[in-house]
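# Observations on the model geometry
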Amino acid sequence: MPRTDLSAATALCGLVLLSATAGIAPARAQSAYKEAPPGPGDADAPGKKPSDKFAGPSPFAPQAPGVNAANIPDGPPAEPGEATPAVEQISSHPAHDDWPAYGRDTDATRFSPLEQITPRNVGQLTRAFIYHTGSKPAPGQVNKWAAESTPIKVGDGLYMCTAMNDIVKLDPATGKEIWRHEAGVKYASIPYTAACKAVVYYTSSTVSEGEPCHNRILEGTLDMRLIEVDADTGKLCEGFGDHGQVNLMKGMGESVPGFVSMTAPPPIVNGAIVVNHEVLDGQRRWAPSGVIRGYDAETGKFLWAWDVNRPDQHGEPAEGQHYSRGTPNSWATMTGDNALGLVYVPTGNSAADYYSAMRSPEENKVSSAIVALDVKTGSPRWVFQTVHKDVWDYDIGSQPTMIDFPGQDGPVPALVVPTKRGQTFVLDRRDGKPILPVEERPAPVETDVEGDPRSPTQPWSVGMPRLGLPDLKESDMWGMSPIDQLFCRLQFRRAKYEGEFTAPSVDRPWIEYPGYNGGSDWGSMAYDPKTGVLIANWNVTPMYDQLVTRKKADALGLMPIDDPNFKPGGGGAEGNGAMADTPYGIVVSPFWNQYTHMMCNKPPYGMITAIDMHTRKVLWQHPLGSARANGPWGVPTYLPVTIGTPNNGGPVITAGGVVFVGATTDNMLHAFDAKSGKELWNDVLPGGGQATPMTYEYKGKQYVAIMAGGHHFMMTPVSDALVVYTLPDNK
Amino acid sequence: MAGLYRPRRASEWATCAVAVLLILLGLPLLIMGAELALLGGSLYYVVAGAAIIAGGILMLMGSVAGAFLYLLAWLLTWPWALWEVGFDGWGLLPRVLGPTLIAVLVVLTIPVLRRLQKTSLAQRGIA
């Protein structure tokens, strides 16, 4: 694949530029370029004479107390090992009534065979119960909440994690809390968002039925722990890690709470827990590593690491060493493939998302890609890249879905990969080759960011309908009146815009569209394997970006999270970022009118689409979400008009023929007819429904559950309510 | 009829207010519209802004021609808006809704301006 042939040259150019410009770097130590990760004897290492200016901490600095939240002694570095042989997990063949995994099953189909709720009776849904998780901002705390949780249901339990990682088991019929494991996550450990997408159900191969921890609930935490508790009692599994916990900060080097965190459920593939983590975007080039690691699901023992810039070392770093800094992180939910022994890792960008001159060729090969890792060794078997040299934060946020692709000579094991670009790639799981055609099309290369050339081409999945609208035009600008519309037209003309891959610029803003919240962010898709219908909800949310010189970034007060003066909200993942160690900071905002807080482009901002995978034709597609809770200056209009709002959270499809999706900023749960797309029912939630709903049956009744936790970035109301619906008894 | 008229009745004050409103709304259209035109964008806004401001000034001077100038600009806005976005409701909203509401106000000023003009002519006739 000629995809990364530029990378070596780029890295070289970047280094030349950096050495050339190092002399004119501004005086503040924080601003200094660091062309390579600081070494053990680095001038900035703590222990040097204290300075009143902030110096980037050396990655070799010992982790401060609290970074290892489990307080577990590290012990010697572990060698690579193999997982305890596993028994088949229930998520491979879920019981009819259950929803045993985040994406319902190992394939992540979000398809339920339940058919009690149908297009005919869905209008009668009423609330069965509301469960309050207790996790929401305390008075005085900056709201960083967005629970994003989807409960799982196995047998007589509904299991979920709260936004702050407490694990609970609920009665599926009443919502009564049966047990709670308090994780003790501190506010400081919240990265960009307090989120916990789901817990993982695991059946032990060594502990026999009836013993404690035969069935276990596993979660990854915001403060980088793996926790396993007994599914019946919620008590820690003593045999796992250190009394039930594994410290994932081991080998990560210097860090601060909130810099790295887990928000997605780690899949267990053939006995190996595969762990990825979010590294807070936009902080510094030499942020903690994006390493992917395997741990034994039985014992919590380290198995292997895949560290992009140490490709041949699969063990833990030697004493005093750490995983390579600034490598692409993966924060999406991964998909495990027990049959092929692979885990599909959706990757993001190297640290410092909007500047690519300092990335290694190895990083350039695997960023914004699907990397299929062998779960025995941690070695990549194949890589498919969705953006070359990504500087648009088009990282992959969604969980890929495994399907049997209806091919000409029978079904092909396929992986459907949603992206923020709205390009949906369909790959052969065995070798990563596209099943549907992918074209390398020319991309704009003109940029004033010296030494950071762009890729001349980018991949387009031309065999799948595009989940996006055409490129923006001046006449697409919008407003309430000609004046605010004119303001947006002017903003449009002032910016650089050459389509989806407009290269970053320093001298003027550029428009990033579909944008980092565009297409499918983390919501993922739903697939009905019986009908071959794929459901996707997606966003149309352009961003207005500009690279700023280090001097200006300093003037704007942009500082990385490990700066002692850092304040929450002073530069997070989805906004302005210091991008310390690079020549530039980044200023990012939605492409909106900052006076009215209305988007500059005309509606819709969110859509939902059904695609027939047999023909790859769009069955139906329409705007998703009403204007009721949105309006100029943030004032709700209460208009029941479907305008199409931004949406975060995935869909669910049922054999009953109903599609459920929350996600929208109108704070509603919506039900659609899977055949026609007609909206059949909706209900206003107590908070924003930025989570994927799920459905289950218990004692003969079908339920639909959604976490209405809200989302701080989507500006929807925060709540701690899990809302569960069912049909009235006299149906 | 050089110079501004002195409003006496409530209807004249209201007419005066509409004229000032036109000028206030026309100014951003003119200024931002000029920059937009220079950047290669639509010429509509700078032209419309100029017409609306001129209309407002004429109305302040008690001339019914000011009201008709605004209404002409409003009338021509429709074919322009339809040319830009067709019959797309969301697209038409910012382009024609506000101007149409103001057009209603302007229409209401016509009888007042007519009367003012007559009075002024009559006064001049006496003088």
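Keep in mind it's a predicted model, so treat the numbers as computed, not measured.

Here is what the cut-offs are and how they apply
- Residues numbered from 1 in each chain as written.
- Chains lettered and ligands numbered in written order.
- Predicted model: local features only at pLDDT ≥ 70, side-chain atom pairs only at ≥ 80, totals over all residues.
- Heavy atoms only, no water.
- Helix = DSSP H or I, 4+ residues; strand = E, 2+ residues; numbered from the N terminus.
- Rg over C-alpha atoms; globule rule 2.2 N^0.38 Å.
- Buried < 20%, exposed > 50% of the residue type's maximum accessible area, 1.4 Å probe, protein only.
- Contact = heavy atoms within 4.5 Å.
- Areas by Shrake-Rupley, 256 points an atom, 1.4 Å probe, with all protein chains shown as cover.
- Axes fitted to C-alpha atoms, helices over the stretch in contact; angles between N-to-C directions.
- Parallel < 35°, antiparallel > 145°, perpendicular 65-115°, else oblique.
- Left-handed = near helix turned anticlockwise from the far one by under 90°.
- Nonpolar A, V, L, I, M, F, W, Y, C, P; charged D, E, K, R; others polar.
- Buried area = accessible area lost by both parts, 1.4 Å probe.
- Salt bridge = Lys/Arg side-chain N within 4 Å of Asp/Glu carboxyl O.
- Polar contact = N/O pair within 3.5 Å; in protein donor to acceptor, adjacent residues only side chain to side chain.
- Expected span 1.5 Å × (residues − 1).
- Pairing = 2+ DSSP bridges.
- Patch = residues over 30% accessible without salt bridge, like charges linked within 9 Å, V, L, I, M, F, W, Y side chains within 5 Å.
- Disulfide = S-S within 2.5 Å.
- Core = buried A, V, L, I, M, F, W, Y, C linked by side-chain atoms within 4.5 Å.
- Lys, Arg positive; Asp, Glu negative; His and termini not counted.

### Points about the overall build of chain A
Scanning chain A from terminus to terminus reveals four helices and 41 strands. What you see for chain A is a C-alpha radius of gyration of 24 Å, in line with the 27 Å of a compact globule of 731 residues. C-alpha extents for chain A along the principal axes are approximately 80 × 65 × 60 Å. Evaluated residue by residue, chain A yields a buried proportion of 65% over its 731 residues. Counting only contacts in chain A whose residues sit at least 6 apart along the sequence, the fraction spanning at least 24 positions is 65%. For chain A, the exposed area adds up to about 24400 Å²; of that, 55% sits on carbon and sulfur atoms.

### Some words on the packing of helix α1 (residues 10-38) of chain B against helix α2 (residues 44-60) of chain B
Residues and elements named next belong to chain B. Direction vectors running N to C along α1 and α2 enclose 155°, while the axes themselves pass 7 Å from each other. The orientation of α1 relative to α2 falls into the category roughly antiparallel. The chirality of how α1 crosses α2 is left-handed. Split by residue class, the contact of α1 with α2 holds 20 nonpolar, five polar and no charged.

### As for the interface of chain A and chain B
Contact with chain A, which involves 21 residues of that partner, is made by 22 residues of chain B. Carbon and sulfur atoms supply 67% of the area buried between chain A and chain B, which totals about 1900 Å² over both sides. For the chain A face of the interface with chain B, the top three residues by lost area are A:Pro482, A:Ile483 and A:Leu486, together amounting to 30%. Between chain A and chain B we count three salt bridges in total. Between the two partners, chain A and chain B, sit seven residue pairs in polar contact (both at pLDDT 80 or more). Of the residues that constitute the side of chain A that touches chain B, the class distribution is 11 nonpolar, five polar and five charged.

### Structural notes on α1(B)
All names here are of chain B. Under the 1.5 Å per step criterion, the end-to-end length of α1 is 42 Å for 29 residues, consistent within 8% with the ideal 42 Å. Along α1, the residues classified as buried are Glu12, Thr15, Cys16, Val18, Ala19, Leu22, Ile23, Gly26, Leu29, Met32, Gly33 and Leu36. The positive-phi residue at the C-terminal boundary of α1 is Gly40, with phi of around 90°.

### A look at the pattern of salt bridges
The full count for this structure, using the stated rule, is 35 salt bridges over all chains. Across the pair A:Arg216 and A:Glu228 runs a salt bridge whose closest N-O atoms are separated by 2.7 Å. Linking A:Arg216 in strand β8 (residues 215-220) with A:Glu228 in strand β9 (residues 225-230), this pair joins segments that are 12 residues apart in sequence. The same class applies to A:Arg216 and to A:Glu228, which are both buried. Put simply, A:Glu474, A:Arg489, A:Arg493, B:Glu84 and B:Arg95 are held in one network by salt bridges that share partners.

### A look at the pairing of strand β4 (residues 157-161) of chain A
All names here are of chain A. The element β4 is largely enclosed, with a buried count of five among its five residues. Neither face of β4 is left uncovered, since the one carrying Gly157, Tyr159 and Cys161 and the one carrying Leu158 and Met160 both have all their residues buried. By the bridge criterion, three bridges tie strand β3 (residues 152-154) to β4 in an arrangement that is antiparallel. What sits directly across from Ile152, in β4, is Tyr159. Between the antiparallel neighbours β3 and β4 lie two residues, among them Gly155 with a positive phi of about 60°.

### Digging into the pairing of β8(A)
Residue and element names in this part refer to chain A. A large share of β8 lies buried, amounting to five of its six residues. Judged from the four bridges that link them, strand β7 (residues 200-203) and β8 form a sheet pairing that is antiparallel. Looking across to β8, one finds that Val200 is bridged to Leu218. Two elements, β8 and β9, share five bridges in a ladder whose sense is antiparallel. Across the sheet, Leu218 pairs through a bridge with Glu228, a residue of β9.

### Examining a nonpolar patch on the surface
All names here are of chain B. On the surface, Leu21, Val104, Leu105 and Leu108 cluster together into a nonpolar patch covering about 330 Å² of accessible area. In terms of residue count, helix α4 (residues 89-126) provides more of the nonpolar patch than any other element does, three residues in total. For Leu108, the location among the structural elements is in helix α4.

### Describing the packing of helix α3 (residues 482-494) of chain A against α1(B)
Put simply, α3(A) and α1(B) touch, their axes get as near as 10 Å, and they point 15° apart. By the criterion of interaxial angle, the relationship of α3(A) to α1(B) is roughly parallel. Both α3(A) and α1(B) take part in a crossing whose hand is left-handed. Between α3(A) and α1(B), the contacting residues are A:Pro482, A:Ile483, A:Leu486, A:Phe487, A:Arg489, A:Leu490, A:Arg493 and A:Arg494 on the first element and B:Leu25, B:Pro28, B:Leu29, B:Met32, B:Gly33, B:Glu35 and B:Leu36 on the second. The residue makeup of the contact of α3(A) with α1(B), split by class, is 10 nonpolar, one polar and four charged.

### Quick notes on the state of the cysteines
All names here are of chain A. In the structure shown here, the tally under the stated rule is three disulfides over all chains. Note that Cys161 is cross-linked by a disulfide to Cys196, the S-S spacing being 2.1 Å. Across the S-S bond of Cys161 and Cys196 the torsion is about -95°, and the bridge reads as left-handed. Residue Cys161 is located in strand β4, and its partner Cys196 is located in the loop between β6 (177-181) and β7; the two are separated by 35 residues in the primary sequence. Neither Cys161 nor Cys196 differs from the other in exposure class; each is buried. Disulfide pairing places Cys213 opposite Cys237 at an S-S distance of 2.0 Å. Here the S-S torsion is close to -100°, and the disulfide linking Cys213 with Cys237 is therefore left-handed. On the criterion of sequence distance, the pair formed by Cys213 in the loop between β7 and β8 and Cys237 in the loop between β9 and β10 (245-247) is long-range, its members being 24 residues apart. Residue class for Cys213 comes out buried when judged on its relative accessible area of 8%.

### A closer look at the nonpolar core
Grouped together as the largest cluster of nonpolar side chains are 63 residues, with contacts concentrated most on A:Phe405, A:Ile511, A:Leu534, A:Met613, B:Tyr70 and B:Val106. Among the elements that line this core, the one with the most residues is α4(B), at nine residues. Ignoring any residue separated from it by four or fewer positions in sequence, one finds B:Tyr70 in contact with B:Leu22, B:Ile52, B:Pro99, B:Ile102, B:Ala103 and B:Val106.

### Structural notes on the environment of A:Gly56
Residues and elements named next belong to chain A. Take Gly56: it is sitting in the loop between α1 (7-22) and β1 (111-112). The class of Gly56 is buried, set by a relative accessible area of 3%. Sequence separation of Gly56 and Trp392 is 336 residues, and the distance between their C-alpha atoms is 25 Å.

### Some points on the side chain of A:Glu278
Residues and elements named next belong to chain A. Looking at the secondary structure, you find Glu278 in strand β14 (residues 278-279). Despite its burial, Glu278 remains without a salt bridge, the nearest opposite charge being carried by Lys197 at 7.0 Å. In contact with Glu278, other than residues within four places in its own chain, are Pro191, Tyr192, Phe259, Val260, Ser261, Thr263, Asn329, Ser330 and Trp331.

### Quick notes on the sheet that holds strand β18 (residues 342-346) of chain A
Residues and elements named next belong to chain A. Taking strand neighbours across the sheet as the criterion, the four strands line up as β17-β18-β19-β20 in an open arrangement whose pairing is antiparallel. Looking at strand neighbours, the two that pair on one side only are β17 (335-337) and β20 (380-385), the edges of this open sheet. Across the sheet, the mean angle separating the axes of adjacent strands is 20° when strand polarity is ignored. The sheet contact formed by β17 and β18 spans three bridges and is antiparallel.

### Section: the environment of A:Asp673
Residues and elements named next belong to chain A. Residue placement: Asp673 occurs in strand β37 (residues 668-673). For Asp673, a relative accessible area of 16% corresponds to the buried category. A C-alpha to C-alpha distance of 46 Å links Asp673 and Thr447, two positions 226 residues apart in sequence.

### Remarks on α2(B)
Residue and element names in this part refer to chain B. With 17 residues, α2 ought to run about 24 Å at 1.5 Å a step, and its terminal C-alpha atoms sit 24 Å apart, in line with that. Those residues of α2 not exposed but buried are Tyr44, Tyr45, Val46, Ala48, Gly49, Ala51, Ile52, Ile53, Gly55, Gly56, Met59 and Leu60. Among the residues trailing α2, Gly62 stands out with phi positive, at a value near 85°.

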